[in-house]
Amino acid sequence: MSRQQDERGVVLTAYTSNSEALPAISCKEQTEFLGASRKTGQYNVQRCKAAGAAPGSSSGKTPYQRCSSQDSLDEQAMVDYFKEVEIIQRSGDAETQEEVQLKVADEGEQEEAWLMEAGLATLFDESASDGEDSIALLSTLTRTQAAAVERRVETLKQTLRKRNKPYSVPDVREIFKPASQSKDEAESTERSGSSKQEVEGLGNGAGPGTPGGGADAETDINLEVSFSEQALTYKEGLKVTQPQNEADDRLPDFRVSQDKTGQTRVGDLSAEDMKKVRRLVLIEMSALFDTCGIEVKAHKALKVRVRESGLFGVSLSTLLEQDQRRIPGTKVPLILQHLMSHIEEQGLDTEGVLRIPGAATRVKAVCHELEHKFYEGVFPWQSLKQHDAASLLKLFIRELPYPLLTVEYFSAFTSVLKLPTKKQQLQALNLLLLLLPEPNRDTLKALLEFFQRVTDHKDRNKMTLNNVAVVMAPNIFMCKGFRSKISEQQEFAMATGTANIVRLLVRYQNLLWTIPKFVLNQVRKQNMENQRKMNRDRAVKKLLKKMSYDRERASDKQEKNTEAEGGFMRVQAPQFSKVSMAVQLTEDLKASDVLTHFLSQERSPSVKREDLCLYEMGGNIKERCLDEETYITALLELNPSAEWVIKSVQH
């Protein structure tokens, strides 16, 4: 194997152990990381002296070549990574955890689980209860999304045929008839407000007014067109970009173009609509990886014995149940909130915060003390040293019985860097974060925001984005069941990759919690399809009972439409003294203007602007908290039957 390098090439020659020498890892292998080993060794990073010269190592083992396809992580940063690995191993917490053999679902079993999670169980089980929802969902799919469903249905069908099992899986041609598919594609494109030409332009890095693309177009995140459709256009355009080594603060400044109907963030939608979002996002994520030719095998869910109470080694759901009995509405474990707050109160200017470990024996003692005194409110926080608190924070993450990123999507997270462009990697991370269970998502969001605050003080604490990423990556990715299942070769393969994933999560977190508009438009269409079906199937008796009520509603609707036609919108505020008000519609009217107008009339002095949100309710959406930059007239065109309600929001 050729080992030629330029003068600036970095060779990792270490984390060597007593095992036999390992071969150098290829660039491809460096993205196929799984976890970290429990064996202790030494680390050493050397600079290549000249092209083609392999530097020697003290142990005489084969040196490891830095893969040029990864972003730049300096030598000291990677040394910090392996130091963190050794700290974790010396801490002994890995020894106390039950080892679990993670297994990939069998062929057929994986597709069946996928279809169930996507809400399409009726495609292989006629007795499933979500038949009507499945029909509505299928009617909204794009070309690439439909292809992802077809692929899994066909695989399941072939698997059942091999096993000689009876099955009722329909022919994929019956599920997606060409004529119907074309209609749906056209509707999807129309809903997104993008023509085929626009999709192709943005997919290839070109945008309006920038023929052939440019720097600005390359960093625009298009949320109106399916990510997998953009990837297909990119692939068909045969555009090839050379990988670039980007230093800590030289990552591109991606941005989302302003949408007049407003951005939708995690937490803005009702639980019912979020369920639809999650199903669509699963299909879209699979379509994105399929389009790029990347196969992601999901692991089976873990079945482990877990503690039923306590702080460390307890599942997030159990922790939140405990915490919500004390503080209703808690979304992030209280112990984690206290640890982050304590570290910040001690000052984020401390050099090496998160990197320098606390004393192992002291950390173990404090952990035991917290278990007994935290909920009693008698733990002496004033005596807890900052580095000990940081070590406890990392211990909390590692001790979770189920990985923060979940077993089910762990492989997908570690496959993100196989996508060909940075933009597609961010799109995949966006989808994966939306797929996480709510406790995992809220906890990860709090952690990423904390890591960002740490890096904001980098001039003093010497914790750059790279430093935080390499220190936290082993704690997030060295989850139970992965620790002793790999070789040192695989450990090197995961080092740069997992650090880069954490780096992307921290750097672009403001973009990653957004629900793409194309997904929301699919939810709107699905709601309309379900509404039409419900109206058609409504019993005559119920219709008769509701006739009087419907007349009243029709009268109210007529009054509302008359107001809209007259240039006004009716805003309800049932929680406040100003129960209802009329607001004049203008082209420039934003949600923020409606809230300002409301506050000028609300008599209660306790009402604060930051506690209010204008909601879009009904029509083709259940409930949506509006971005303050939303233009009301643009949203009225998208959802003319909506009602407008001002409510207080919980922070």
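Structure first, text after, so check above.
Residues numbered from 1 in each chain as written. Predicted model: local features only at pLDDT ≥ 70, side-chain atom pairs only at ≥ 80, totals over all residues. Heavy atoms only, no water.

Enquirer: Give a detailed account of the side chain of Lys517, specifying residues and quantitative values.
Expert: Inspection of the secondary structure puts Lys517 in helix α23 (residues 517–537). Look at Lys517 and you get buried, because its relative accessible area is 16%. Here Lys517 is in contact with Leu223, Glu224, Asp259 and Thr261, once residues within four sequence places are set aside. (Helix = DSSP H or I, 4+ residues; strand = E, 2+ residues; numbered from the N terminus. Buried < 20%, exposed > 50% of the residue type's maximum accessible area, 1.4 Å probe, protein only. Contact = heavy atoms within 4.5 Å.)

Enquirer: Before we move on, could you go through the environment of His372 and cite the residues and values that matter?
Expert: Tracing the chain through its elements places His372 in helix α14 (residues 360–373). Its relative accessible area of 54% is what places His372 among the exposed residues. Residues His372 and Gly310, 62 residues apart in the sequence, show an inter-C-alpha distance of 8.4 Å. Separated by 2.9 Å, the side chain of His372 and the backbone oxygen of His368 make a polar contact. (Polar contact = N/O pair within 3.5 Å; in protein donor to acceptor, adjacent residues only side chain to side chain.)

Enquirer: Give a detailed account of unusual backbone geometry, specifying residues and quantitative values.
Expert: At Leu354, a position not held by glycine, the phi torsion is positive, near 80°. Locating Leu354 in the fold gives a position in the loop between α13 (334–345) and α14.

Enquirer: Describe in detail the sheet that holds strand β8 (residues 568–572), supporting the description with residues and values.
Expert: Backbone-to-backbone hydrogen bonds pair the strands of a sheet. The strands run either parallel or antiparallel. Within the open sheet, the 5 strands sit side by side as β9-β8-β12-β10-β11. Their pairing is mixed. Edge positions in the sheet fall to β9 (580–584) and β11 (621–625), since each of these pairs with one other strand and no more. Strand-to-strand, the axes of this sheet are offset by a mean angle of 30°, without reference to chain direction. Relative to strand β12 (residues 643–648), strand β10 (residues 612–618) runs antiparallel, the two being bridged by 6 bridges. Bridging across to β12, Leu614 finds its partner in Ile646. (Pairing = 2+ DSSP bridges. Axes fitted to C-alpha atoms, helices over the stretch in contact; angles between N-to-C directions.)

Enquirer: Outline empty space enclosed by the protein, listing residues and values.
Expert: Counted according to the given criterion, the structure contains 4 cavities of 30 Å³ or more. In this structure, the largest cavity occupies an estimated 150 Å³ of space. The wall of the largest cavity is formed by 19 residues, among which Leu223, Asp259, Gly262, Gln263 and Lys517 lie closest to the centre. Among the secondary structure elements, those contributing two or more residues to the lining of the largest cavity are β7 (514–515) and α23. Counting residues per element, the lining of the largest cavity draws most heavily on α23, at 4 residues. (1 Å grid on protein atoms, 1.4 Å probe; cavity = no way out; pocket = protein on both sides within 12 Å on 5 of 7 lines; lining within 4 Å. Points joined across faces, edges and corners; volume = space filled by probe spheres on them.)

Enquirer: Please set out the pairing of β9 residue by residue, giving values where relevant.
Expert: Only one face of β9 is buried, namely the one carrying Met581 and Val583, since none of Ser580, Ala582 and Gln584 on the opposite face is buried. Where β8 meets β9, 5 bridges bridge the pair, whose relative direction is antiparallel. Bridge pairing links Phe568 to Gln584 in β9.

Enquirer: Summarise the state of the cysteines; cite the residues concerned and give the values.
Expert: This structure, assessed with the given rule, holds 1 disulfide. Residue pairing for Cys613: its cysteine sulfur links by disulfide to Cys625, the two sulfurs lying 1.9 Å apart. Linking Cys613 and Cys625, the disulfide has an S-S dihedral of approximately 120° and is accordingly described as right-handed. Residue Cys613 is located in strand β10, and its partner Cys625 is located in strand β11; the two are separated by 12 residues in the primary sequence. Take Cys613 and Cys625: they sit in the same class, and that class is buried. (Disulfide = S-S within 2.5 Å.)

Enquirer: Hey, could you go over the layout of surface pockets for me, with residue numbers and the actual values?
Expert: What the largest pocket holds in volume is close to 1500 Å³. Together, 47 residues line the largest pocket, and Val266, Gly267, Asp268, Lys331 and Gln650 are the ones closest to its centre. If one sorts the elements of the lining of the largest pocket by residue count, helix α18 (residues 438–455) sits on top with 8 residues.

Enquirer: Go over the packing of α14 against helix α15 (residues 386–399) with me, naming the residues and quoting the values.
Expert: Geometry of a packed helix pair, given as the angle between the helix axes and the separation of the axes. With their axes 10 Å apart at the nearest point, α14 and α15 run at an angle of 70° to one another. Here α14 is positioned roughly perpendicular relative to α15, judged by the angle of their axes. Pair α14 / α15 crosses with right-handed handedness. From α14, Arg362, Val363, Val366, Cys367 and Leu370 reach across to α15, where they touch Asp388, Ser391, Leu392 and Leu395. Here the contact of α14 with α15 is built from residues that sort into 6 nonpolar, 1 polar and 2 charged. (Parallel < 35°, antiparallel > 145°, perpendicular 65-115°, else oblique. Left-handed = near helix turned anticlockwise from the far one by under 90°. Nonpolar A, V, L, I, M, F, W, Y, C, P; charged D, E, K, R; others polar.)

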